Amino acid sequence: MQKELIPLKMEGILFNTCLEPRKVKGFNGLDEVTFQISNHGLIPKDLDKVASGGELSRLLLALKVCLRTNTQRISMVFDEIDRGIGGATAEAVGKRLGILSDQDQVLLVTHSPQVASKADRHWRVSKVSNRGKVPLTLLDELNQEERVSELARMISGEVISKEALAAAYKLLT
């Protein structure tokens, strides 16, 4: 697990798994399992008390990479695992997701162009009115040209500049 934190821009984090015998044995097992992190030599604390949303996302991704096997093929769905991060860290997350996708199927919802650009295939999700009923959700697979446009939209918003198009194209190459 510790090795997986480095490429996810978490060099100063130490990850600990703590096992304590349960006082009352039951259907929850014999041990209480908690995860702790220590940030740059500080006292380890429970993950749920000290980790930011971005840290939690990256720790989950590192766990998924560590727990994968060579024999079992699975599908994993991540809904905004890249929340709370940006720039170089988002690119690192995209690369680690790529490692998972070498062996397993990875479906990812993201608003990060750095992460989206690492995918083999790209779909756009949109919602349309359904005459007063629950809106319809549409899923469109994008070709290469549409991918560039969508990444540019993710970078710059509704008005797509030539600079955003150039950046999107660069992300894909």
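Structural notes, computed from the coordinates. Being a predicted model, the structure only gives us computed values, none of them experimental.

### Examining the side chain of serine 38
Position of serine 38 among the secondary structure elements: in strand S2 (residues 29-39). For serine 38, the side chain forms a polar contact with the main-chain oxygen of leucine 42, separated by 2.4 Å. Ignoring any residue separated from it by four or fewer positions in sequence, one finds serine 38 in contact with Gly12, Ile13, Leu14, Ile43 and Pro44.

### Describing the pairing of S2
Note that strand S1 (residues 13-26) and S2 share 10 bridges and pair antiparallel. Each bridged residue has a counterpart across the sheet, and for phenylalanine 15 the counterpart in S2 is isoleucine 37. From the end of S1 to the start of S2, which pair antiparallel, there are two residues. Pairing of S2 with strand S3 (residues 45-46) involves two bridges; the strand directions are antiparallel. In the sheet register, isoleucine 37 faces S3, and the bridge partner there is lysine 45. Hairpin connection, S2 to S3: the antiparallel pair is bridged by five residues, and histidine 40 has positive phi, about 50°.

### Structural notes on helix H6 (residues 144-156)
Taking 1.5 Å per residue as the helical rise, H6 with its 13 residues ought to reach 18 Å, and the 18 Å between its terminal C-alpha atoms agrees with that figure. Buried within H6 are the following residues: Arg147, Val148, Glu150, Leu151, Ala152 and Met154. Those residues of H6 that are buried lie in contact with helix H5 (113-116), strand S6 (123-130) and helix H7 (162-172). At the N-terminal boundary of H6, the capping side chain belongs to asparagine 143, with an oxygen 3.1 Å from the backbone nitrogen of glutamate 145. Where H6 ends, the next residue or the one after it, glycine 157, has phi of about 95°, a positive value.

### Remarks on the pairing of S6
Relative to strand S7 (residues 133-141), S6 runs antiparallel, the two sharing seven bridges. When the sheet's bridge partners are listed, asparagine 130 is paired in S7 with lysine 133. The hairpin turn running from S6 into S7, its antiparallel successor, is two residues long, and arginine 131 in that turn takes a positive phi close to 50°.

### Regarding the packing of helix H3 (residues 53-67) against helix H4 (residues 87-103)
If you want to describe how two helices pack, look at the angle between their axes and the distance between the axes. Interaxial distance between H3 and H4 falls to 10 Å at its minimum, and their mutual angle equals 25°. Judged by the angle between their axes, H3 and H4 are roughly parallel. As H3 runs across H4, the sense of the crossing is left-handed. Listed contacts from H4 to Arg58, Leu61, Lys64 and Val65 of H3 are Thr89, Val93, Arg96, Leu97 and Leu100.

### Some details on the layout of surface pockets
Taken as a whole, the largest pocket encloses approximately 930 Å³ of empty space. If you trace the largest pocket, you find 28 residues lining it, with Leu108, Val109, Arg121, His122 and Trp123 closest to the centre. Elements with a minimum of two residues in the lining of the largest pocket: H4, strand S5 (105-109), H5, S6 and H6. A total of five residues in the lining of the largest pocket trace back to one element, the largest contributor, which is S5. Classifying every residue of the lining of the largest pocket by side-chain character gives 13 nonpolar, eight polar and seven charged.

### With respect to the nonpolar core
Membership of the largest hydrophobic core comes to 21 residues, with the highest contact counts inside it found for Leu61, Val93 and Leu97. Elements represented by at least two residues in this core include exactly S1, H3, strand S4 (75-79) and H4. In terms of nonpolar packing, the next biggest core, distinct from the first, is built from seven residues, Ala116, Leu151, Ala152 and Met154 among them.

Definitions and limits used
Every chain begins its residue count from 1, and numbering advances along the sequence as written. Reporting in this predicted model follows two pLDDT cut-offs: at least 70 for local features of residues, and 80 or more for side-chain atom pairs to be given and counted; totals over whole chains, interfaces and linings ignore these cut-offs and use all residues. Excluding hydrogens and water, the side-chain values take into account all heavy atoms of the structure. Numbered from the N terminus, helices here are DSSP runs of H or I no shorter than four residues, and strands are runs of E no shorter than two. Pairing of N or O atoms within 3.5 Å defines a polar contact, subject to two protein rules: one partner must be a possible hydrogen donor and the other a possible acceptor, and residues neighboring in sequence count only if both atoms are side-chain atoms. Two residues form a contact once any of their heavy atoms are found within 4.5 Å. Two strands form a pair only when DSSP identifies at least two bridges running between them. Expected helix span is given by 1.5 Å per residue-to-residue step, counting one fewer step than there are residues. Exposure is judged per residue with a 1.4 Å probe applied to protein chains only, and the accessible area is read against the type maximum: over 50% gives exposed, under 20% gives buried, and values in between give partly exposed. Here the axes come from fitting lines to C-alpha atoms, over the contacting stretch only for helices, and the angles between their N-to-C directions go from 0 to 180 degrees. Any angle from 65 to 115 degrees is called roughly perpendicular, while one under 35 is roughly parallel, one over 145 is roughly antiparallel, and all others are oblique. Crossing chirality is assigned from the near helix's rotation relative to the far helix, an anticlockwise turn below a right angle marking it left-handed and a clockwise turn marking it right-handed. In this analysis the probe radius is 1.4 Å and the grid spacing 1 Å, with only protein atoms considered; a cavity is a set of points the probe fits into but cannot get out of, a pocket is an open set with protein on both sides within 12 Å along at least five of seven lines, and lining residues have an atom within 4 Å of a point. Grid points are joined across faces, edges and corners, and a volume is the space filled by probe spheres set on the points. Note on residue categories: nonpolar means Ala, Val, Leu, Ile, Met, Phe, Trp, Tyr, Cys or Pro, charged means Asp, Glu, Lys or Arg, and polar means any other residue, Gly included. In this text, buried Ala, Val, Leu, Ile, Met, Phe, Trp, Tyr and Cys residues form a nonpolar core when linked through side-chain atoms within 4.5 Å.

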